[in-house]
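Residue-level structural notes
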Amino acid sequence: MRFMVLVKGNEESESGALPSAEQIADMGRYNEELAKAGVLLALDGLQSSAKGVRVRFDGDRRTVIDGPFAETKELLAGFWILQVKSKEEAVEWVSRAPFEEGELEVRQIFELEDFPVDVLSPEEAEREAVLRRGLAGTDTQG
Amino acid sequence: MTAHQTSEDPAAAARRTVEAVWRIESAKVIAVLARLVRDVGLAEELAQDALVAALEQWPVEGVPRNPAAWLTTTAKRRAVDLIRRQRVLDRKLAELGQRLETAAPEPDPAEIEDDLLRLVFTTCHPALPLEARVALTLRLLGGLTTREIARAYLVAETTVAQRIVRAKRTLAEAAVPFEVPGGRELAERLAAVLEVIYLIFNEGYSATAGDDWMRPALCEEALRLGRVLAGLAPAEPEVHGLVALLELQASRIRARTGPDGEPVLLLEQDRGRWDHLLIGRGLVALERAEKLAAGKPGPYAVQAAIAACHARAGTAEQTDWVRIALLYGQLAALTASPVVELNRAVALGMAYGPAVGLELADQLAGEPALRAYHLLPVVRGDLLARLGRSAEAAAEFERAAGLTGNAKEREVLLGRAAEERGR
């Protein structure tokens, strides 16, 4: 299962100030740990809301509102996407993030993988697997 | 430590936290211990003992700041106790006790990575039968329980347990060294490791439409193991080649089955359902593999390159079949597999027209390895139909129908035969 870990914004992230070299190094080590454990799918930081806009919908009307936005607590400063076996595992990884303060939000990502029952019997699936593993490259089959 | 504000039973929450920590740390703990005791079976038992201790203590005292170090230290203490209790005679054990007591308490991360790499090479050792390698790897590196492995492979839990016990005994009896092989042996042994990971992936992939949740999870586990291996052996091109192949194949999982659970072939898949995050990761891994291989990509990288051609095509029609045919030629040279040649015939037919594809498919007709392989007459039937040779095409579809064991597929093939007969 996949989780998106949302980094909440704060006054510092909103100020547009860049993190210190030390903070960047700590975060780099942490991200490397996630990658080496094979659980990191993606990550990115977001620039301050001063550079962003909001597009508001009202029937046919679209209103573009320029940043910055008030209420820093509602703003995001970045995210990770982790692939793990349980919510607890996601929480355990998130707990290790090098933050002194603030809050991270852990949200499960929707997957379309409530797989319907296959038409293949286990024996046939096994036969298929034997062909794939032994002979390689049956790519045109799916 | 992590304080959990929740309404549920705190003991249950603590237990699940311990399980999560175990999933993250168990391979490292086992790897470090295996280097000290030189026996992966014993290392796992000691680590399990430490896990039991954690289950008793952490819910009360909280999860320690460095759970891996806590588990390793606890397991080492158990090892020393064990040796003291047996207090024996056996010089080897005495030596071992000394090594454990003098060993540095917290090895640095680079050392743990070396240990992990040794562990991978041990669990995938050729002294073990393939199915034992798979089970042991999932157990010791994946941290999967015996029950989870049994569910994934649709076998009894006792079968998996026996397989693992026997595998550990085999490793101990054969005195398989806990090491990363050197020189030419490294390439062979690495191929064995990659094969195990690919096998695990395919077990999940071929059954992703099954109703058992563990089988799709096997794809994820194989991907994770592949990524871990890429971190441990970053200079090995085929490791990145395999990771690229797995990421790209996994990107199609959601599109591979239709609403009624029927398999959907690659060219008919709804490309909107492909996972573009995984495609992007796959392409990056492929680029890395190709760079490291310096013009001589291995079979996994070539297969990944084929998958990348499909991934890059916005629609099935835009597929670069000329390049795919070329890549299948490269793959055939590397694997000498007639099935690869058959795929090349398909690609040639797409790139240069059915007559060119048929020429190669006809050459394969006499291939003994393909005699009972129903896809050979399917491919020939397709190409003949496209050439307007309906009667011959129908005969091929009928032949294929007689060879497939799948009732649904037989029905489809007989339908196509009838269609060609009617032309």
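Residues numbered from 1 in each chain as written. Chains lettered and ligands numbered in written order. Predicted model: local features only at pLDDT ≥ 70, side-chain atom pairs only at ≥ 80, totals over all residues. Heavy atoms only, no water.

A separate point is the overall build of chain A. Of the regular secondary structure elements, chain A holds 4 helices and 6 strands. Starting at the N terminus and walking to the C terminus, you meet the elements of chain A as β-α-α-β-β-β-β-α-β-α. Put simply, 75% of the contacts in chain A that link residues at least 6 apart link residues at least 24 apart. (Helix = DSSP H or I, 4+ residues; strand = E, 2+ residues; numbered from the N terminus. Contact = heavy atoms within 4.5 Å.)

Now for the packing of aromatic side chains. Residues and elements named next belong to chain A. On inspection of all chains with the given rule, the structure shows 5 aromatic pairs over all chains. Consider the rings of W80 and F99, whose centres lie 6.4 Å apart with planes at 80°: the pair is edge-to-face. Taken together, the residues W80 in strand β5 (residues 76–83) and F99 in the loop between α3 (87–95) and β6 (104–108) connect sequence positions 19 residues apart. Its relative accessible area of 6% is what places W80 among the buried residues. On the basis of relative accessibility, which here comes to 37%, the residue F99 falls in the partly exposed class. Here a set of aromatic residues connected by ring pairs shows up, and it is made of Y30, W80 and F99. (Phe/Tyr/Trp six-rings, centres within 6.5 Å; stacked < 30°, edge-to-face > 60°. Buried < 20%, exposed > 50% of the residue type's maximum accessible area, 1.4 Å probe, protein only.)

Let us look at the domain arrangement of chain B. Along its sequence, chain B is carved into domain 1 (10–90) and domain 2 (185–303). Computed over C-alpha atoms only, the centres of domain 1 of chain B and domain 2 of chain B are separated by 32 Å. (Domains from an automatic or database assignment.)

For the rest of this paragraph, the subject is the sheet that holds strand β1 (residues 2–8) of chain A. With antiparallel pairing, the 4 strands of this open sheet are ordered in space as β2-β5-β1-β6 (chain A). Edge positions in the open sheet fall to β2 (40–45) and β6 of chain A, since each of these has one partner strand only. For this sheet, the mean angle separating the axes of adjacent strands, direction not counted, is 15°. By the bridge criterion, 5 bridges tie β2(A) to β5(A) in an arrangement that is antiparallel. Bridging across to β5(A), A:D44 finds its partner in A:F79. Lying on the sheet, helix α2 (residues 21–36) of chain A is in contact with β2 and β5 of chain A; it crosses β5(A) at an angle near 25°. In the packing of helix α12 (residues 276–293) of chain B onto the sheet, contacts are made with β1, β2 and β5 of chain A, and the angle to β2(A) comes to roughly 95°. (Pairing = 2+ DSSP bridges. Axes fitted to C-alpha atoms, helices over the stretch in contact; angles between N-to-C directions.)

Residue and element names in this part refer to chain B. Tracing the chain through its elements places E238 in helix α11 (residues 237–250). R323 is the oppositely charged side chain nearest to the buried, salt-bridge-free E238, at an N-O distance of 13 Å. A polar side-chain atom of E238 sits 2.9 Å from the main-chain amide nitrogen of Y300. Beyond its immediate chain neighbours, meaning those up to four positions away, E238 contacts L194, G298, P299, Y300 and A301. (Lys, Arg positive; Asp, Glu negative; His and termini not counted. Salt bridge = Lys/Arg side-chain N within 4 Å of Asp/Glu carboxyl O. Polar contact = N/O pair within 3.5 Å; in protein donor to acceptor, adjacent residues only side chain to side chain.)

Quick look at the environment of A:F3 now. All names here are of chain A. By secondary structure assignment, the location of F3 is in strand β1. We classify F3 as buried; its relative accessible area is 1%. Between the C-alpha atoms of F3 and L46, which are 43 residues apart in sequence, the distance is 18 Å. Aside from chain neighbours lying at most four places away, what touches F3 is W80, I81, L82, V84, S86, K87, A90, V106, R107, Q108 and I109.

All names here are of chain B. Between helix α6 (residues 130–140) and helix α9 (residues 183–205), the least distance of the axes is 10 Å, while the angle of their chain directions is 80°. Classified by the angle between their axes, α6 and α9 sit roughly perpendicular to one another. Where α6 abuts α9, its residues L130, R133, V134, T137 and L138 lie against A192, E195, V196, L199 and I200. Its residues assigned to classes, the contact of α6 with α9 shows 7 nonpolar, 1 polar and 2 charged. (Parallel < 35°, antiparallel > 145°, perpendicular 65-115°, else oblique. Nonpolar A, V, L, I, M, F, W, Y, C, P; charged D, E, K, R; others polar.)

What follows concerns a nonpolar patch on the surface. Residue and element names in this part refer to chain A. Taken together, the side chains of V53, V55, F57 and V64 make up a nonpolar region of the molecular surface, amounting to roughly 390 Å² of accessible area. When residues of the nonpolar patch are assigned to their parent elements, the largest contribution, 3 residues, is made by strand β3 (residues 53–58). Inspection of the secondary structure puts V64 in strand β4 (residues 61–66). Its relative accessible area of 54% is what places V64 among the exposed residues. (Patch = residues over 30% accessible without salt bridge, like charges linked within 9 Å, V, L, I, M, F, W, Y side chains within 5 Å. Areas by Shrake-Rupley, 256 points an atom, 1.4 Å probe, with all protein chains shown as cover.)

A few words on helix α17 (residues 375–386) of chain B. Residues and elements named next belong to chain B. With 12 residues, α17 should reach 16 Å at 1.5 Å per residue; the first-to-last C-alpha distance of 16 Å fits that figure. Where burial is concerned, most of α17 is hidden: 9 out of the 12 residues are buried. The inward-facing, buried residues of α17 abut α15 (338–352), α16 (354–364), α18 (390–403) and α19 (407–421). Positive backbone phi, at 80°, marks G388, one or two positions downstream of α17. (Expected span 1.5 Å × (residues − 1).)

Before going further, it helps to spend a moment on the environment of B:A401. Residue and element names in this part refer to chain B. When you line up the elements, A401 lands in helix α18. Classification of A401 as buried rests on a relative accessible area of 3%. Other than its neighbours up to four places away in sequence, A401 contacts R410, L413 and L414.

Residues and elements named next belong to chain A. Counting through the fold element by element, S49 comes out in the loop between β2 and β3. For S49, a relative accessible area of 8% translates into the label buried. Every residue in contact with S49, bar those within four places of it in the chain, is listed here: E14, G67, P68, F69 and L75.

All names here are of chain B. This structure, assessed with the given rule, holds 35 salt bridges over all chains. In this structure, D382 engages R416 in a salt bridge whose closest nitrogen and oxygen atoms are separated by 2.8 Å. Within this pair, whereas D382 is found in helix α17, its partner R416 is found in helix α19, the two being separated by 34 residues in sequence. In this structure R416 comes out as partly exposed when scored by relative accessible area, which is 30%. The shortest N-O distance in the salt bridge between E398 and R421 comes to 2.8 Å. Of this pair, E398 sits in helix α18 while R421 sits in helix α19; the two residues are 23 residues apart in sequence, bridging distant segments of the chain.

Atom-level detail of predicted coordinates should not be read off regions where pLDDT is low. All names here are of chain A. Per-residue pLDDT for chain A averages 81, and the proportion of residues at 70 or more is 78%. Contacts from residues 113–127, a stretch scored under 50 in pLDDT, to residues over four places away or in other chains number 39 contacts. Taken together, the stretch residues 129–142 has pLDDT below 50 and engages in 45 contacts with residues farther than four places along the chain or on a different chain. (pLDDT = per-residue confidence, 0-100.)

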